[in-house]
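Now for the letters of each chain:
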Amino acid sequence: MWELMGNAWRGWLEFTNNGKLCALLLASLVFLWVYYKRAEQKNLLIYTAVMTGLCILPVTAAMLMVYQTRFYDYQWIWSMVPMTLVTAEAAAVLLGKYWPDFPGSGWKKGLPVTLLLLGILGLSGGMGIRSGNAGEAWNPKAEEKGRLWAEETLALVKEHFQGREIYLWAPGEIMEYAREADSGIRLLYGRNMWDPSLNAYSYDTFYQQEVSMAVWMSNVPETGGTDGGRDCAQAVCDAGVNCILLPEQAAEETVACFEEILGIRAEKIPGYYLLVM
Amino acid sequence: MRKDNSWADRLLTGEILLIGTAQIAHLWGVFLHRPFSECVLVFIVLAAVLLAGAGGLAAVRLRREGRSWELPDKSILAGNHGERFLLLILGFLIIGQIIYIAAGSSAYRQGDMTVETVGSFLQSNGIYQVNPLTGGAYREGIPLRLKILCLPTLYGAICSIFRMDPRQAVWQVVPVITLISCYAAYSCLGRCLFPESRKKRLTFLIAAGCLLWAGSYVYGMDGFGVLYSGWRGLTIRNCVILPYLLSLCLRKKWFSMLMCVAAEACIVWTLYGLGAGAAVSLGMTGIGFLLRHRVKRSGEGI
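The model shown is predicted, which means the values in this text are computed figures rather than measured ones.

Calculation rules
- Every chain is numbered on its own, with residues counted from 1 as its sequence reads.
- Each chain takes a letter, starting from A, and each ligand takes a number, starting from 1, following the order in which they are written.
- Reporting of local features is limited, given that this is a predicted model, to residues whose pLDDT is at least 70; pairs of side-chain atoms are given and counted only at 80 or more, and all residues count toward the totals for whole chains, interfaces and linings.
- Numbering of helices and strands runs from the N terminus; a helix is a DSSP stretch of H or I covering at least four residues, while a strand is a stretch of E covering at least two.
- Three classes are used. A residue is buried when 20 or more other C-beta atoms lie within 10 Å of its own, exposed when 12 or fewer do, and partly exposed in between, with C-beta atoms placed from the backbone.
- The span expected for a helix works out to 1.5 Å for each residue beyond the first.
- Here contacts are defined at the residue level, using C-beta atoms placed from the backbone and a cut-off of 7 Å between them.
- We define a nonpolar core as a collection of buried residues of the types Ala, Val, Leu, Ile, Met, Phe, Trp, Tyr and Cys that are connected via C-beta atoms lying within 7 Å of each other.
- Under the convention adopted here, Pro, Cys and the residues Ala, Val, Leu, Ile, Met, Phe, Trp and Tyr are nonpolar, Asp, Glu, Lys and Arg are charged, and Gly plus all remaining residues are polar.
- Where helices are involved, their axes are fitted lines through C-alpha atoms of the stretch in contact, as for all axes, and angles between N-to-C directions lie from 0 to 180°.
- Roughly parallel means an angle under 35 degrees; roughly antiparallel means over 145; roughly perpendicular covers 65 to 115; every other angle is labelled oblique.
- Note: crossing handedness is left-handed where the near helix turns anticlockwise from the far helix by less than a right angle, and right-handed where it turns clockwise.

A. Structural view of the environment of Val49 of chain B. Residues and elements named next belong to chain B. One can find Val49 in helix α2 (residues 36–65). On the basis of neighbour counts, which here come to 11 C-beta atoms within 10 Å, the residue Val49 falls in the exposed class. Distance in space between the C-alpha atoms of Val49 and Ala137 is 36 Å, their sequence separation being 88 residues.

Below, the structure is given as structure tokens:
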């Protein structure tokens, strides 16, 4: 329980770190509570206020996390708080009050209020900075570039197979996108090797050898792969993999070692050595 | 409080029924070990029956009311100068977001394997026959509560029916539908919150749209979900089902509320069916009951 409460508190800090829409929600609640007293939506306001409090307090937040099965992270308990709804309602009420005849008369009051609201919204939002799960920075453009690179490389690989099934072992930047690009490609290990949150979707775990091979492959650009290359080549051969991509930084002796054990010649393609069995 | 159904109600009810249909087709495949192509067929047949039923009901209703097939009198473009201007702003906002999503270059895929799952269903012609991340057989299997969630089958059926690539269907088409449904849900809420003023409803929708843009800064916010991962069950729940459910709570439409709770259980891992929808329904109903009780007591006191 203490761990869960700690997670709840860290989750709250993370959730409010980049943007301040939660603060905007609290301000909206106060505004609506003071200004807008229509009976039929009082239950909505009370509900939102209560749920907001429950999501902020670590003890109740931890209980809500248990309720949502612990499968999901802290931020998902905020699903139960209608944040966008209440904030948008407050904005609509405020604009309706100060600029009722939009866009005609009343602009001297209405326009500054509108601009002020847009300014507050801009400052409360992330101003273009995106944070993914666990708060890490996320750059969709870089990801798109990586995806295109993987697709181009896989298209070259597929030319060598002419319809035969591919069982691939390659660096992470290719393996990550391979199954998305073509669900007919089999992989030695999946994207969950780099994205542990995907492990929640099955009971499967990695064999130690697969982890060692992934580490070895990721180190090839720096080390050339001279250390442990022979073991990996043998393991790959035993696993029945029929397509290997080695980074072009692989040392000559590493490539030679693979050629010797697998009994094939490596072909140079942009960025990689391709070994097809 | 208005209890009548709008176009948004019909759209969202239709989507919830489609989720139910996909769930039946999915369970058909999971528990009877049937090929995926057969599940798609089941889905198509059930969806056609639903569509025919909805069409029949609409025809009967129109006949009974003696109306002809025409747009409602409060047409979208009706209204005064200010409303038309607000409608224009809202249109630009929605179209901008649709273009942004349909470009398909901003899909947040961390912690998600929907595309691989849909691809593996189509490739192996079976539901969870192979591990979607490797294409090989499962070593230990998959939790049953995850296995019965129907969205991959729904998306796979879309791919099958319209001959689409899983990436296109999951990252581009479905998020656009989610975005439109999100606005439909907020439109229902707008009708509850501001029944007297169309201008306020439009302002409310514009404010919600701006909040979606501004709130796209962190994983877990509504804006992030709608703009970067509109295919996920959590996004559909947070941005479509829950806002719609809140509007149903305000209108006291109990049966539709139950349908929303059930739809959530079909697309998100919940505590034996008790997800956020159940909590929201109970919370709103309970608070409403207490408020009514209090008003009654204070009335008796006078």
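We are not done yet, so read on.
B. Layout of helix α1 (residues 7–32) of chain B. Residue and element names in this part refer to chain B. The terminal C-alpha atoms of α1, which comprises 26 residues, lie 37 Å apart, in line with the 38 Å expected from a rise of 1.5 Å per residue. Residues Ala8, Asp9, Leu12, Glu15, Ile16, Ile19, Thr21, Ala22, Gln23, Ala25, His26 and Gly29 constitute the buried set of α1. On the buried face of α1, the contacting elements are α2, α6 (151–162), α7 (166–193), α10 (233–251) and α11 (254–267). Directly after α1, the chain includes His33, whose backbone phi takes a positive value near 55°.

C. Looking closely at the nonpolar core. Ranked by size, the top nonpolar core spans 122 residues in total, and within it Tyr155, Leu245 and Cys260 of chain B carry the most contacts. With 15 residues, the top contributor of residues to this core is α7 of chain B. Beyond its immediate sequence surroundings of up to four residues, Cys260 of chain B is in contact with Ile16, Ile241, Tyr244, Leu245, Leu248 and Gly277 of chain B. The next biggest cluster of nonpolar side chains, apart from the first, holds 37 residues, and it includes Ala150, Ala181, Tyr189 and Ala266 of chain A.

D. Here's a closer look at the interface of chain A and chain B. In this assembly, 65 residues from chain A lie in contact with 68 residues from chain B. When residues of the side of chain A that touches chain B are assigned to their parent elements, the largest contribution, nine residues, is made by helix α5 (residues 83–98) of chain A. Classifying every residue of the side of chain A that touches chain B gives 29 nonpolar, 24 polar and twelve charged.

E. Just the packing of helix α2 (residues 21–35) of chain A against α5 of chain A, in detail. All names here are of chain A. At a minimum axis distance of 9 Å, the contact between α2 and α5 shows a crossing angle of 55°. The orientation of α2 with respect to α5, classified from their angle, is oblique. Between α2 and α5 lies a crossing whose hand is left-handed. Where α2 abuts α5, its residues Leu21, Leu24, Leu25, Ser28, Leu29, Phe31, Leu32 and Tyr35 lie against Met83, Val86, Thr87, Glu89, Ala90 and Val93. The residue makeup of the contact of α2 with α5, split by class, is eleven nonpolar, two polar and one charged.

Scope: geometric values only; no functional claims are made or implied.
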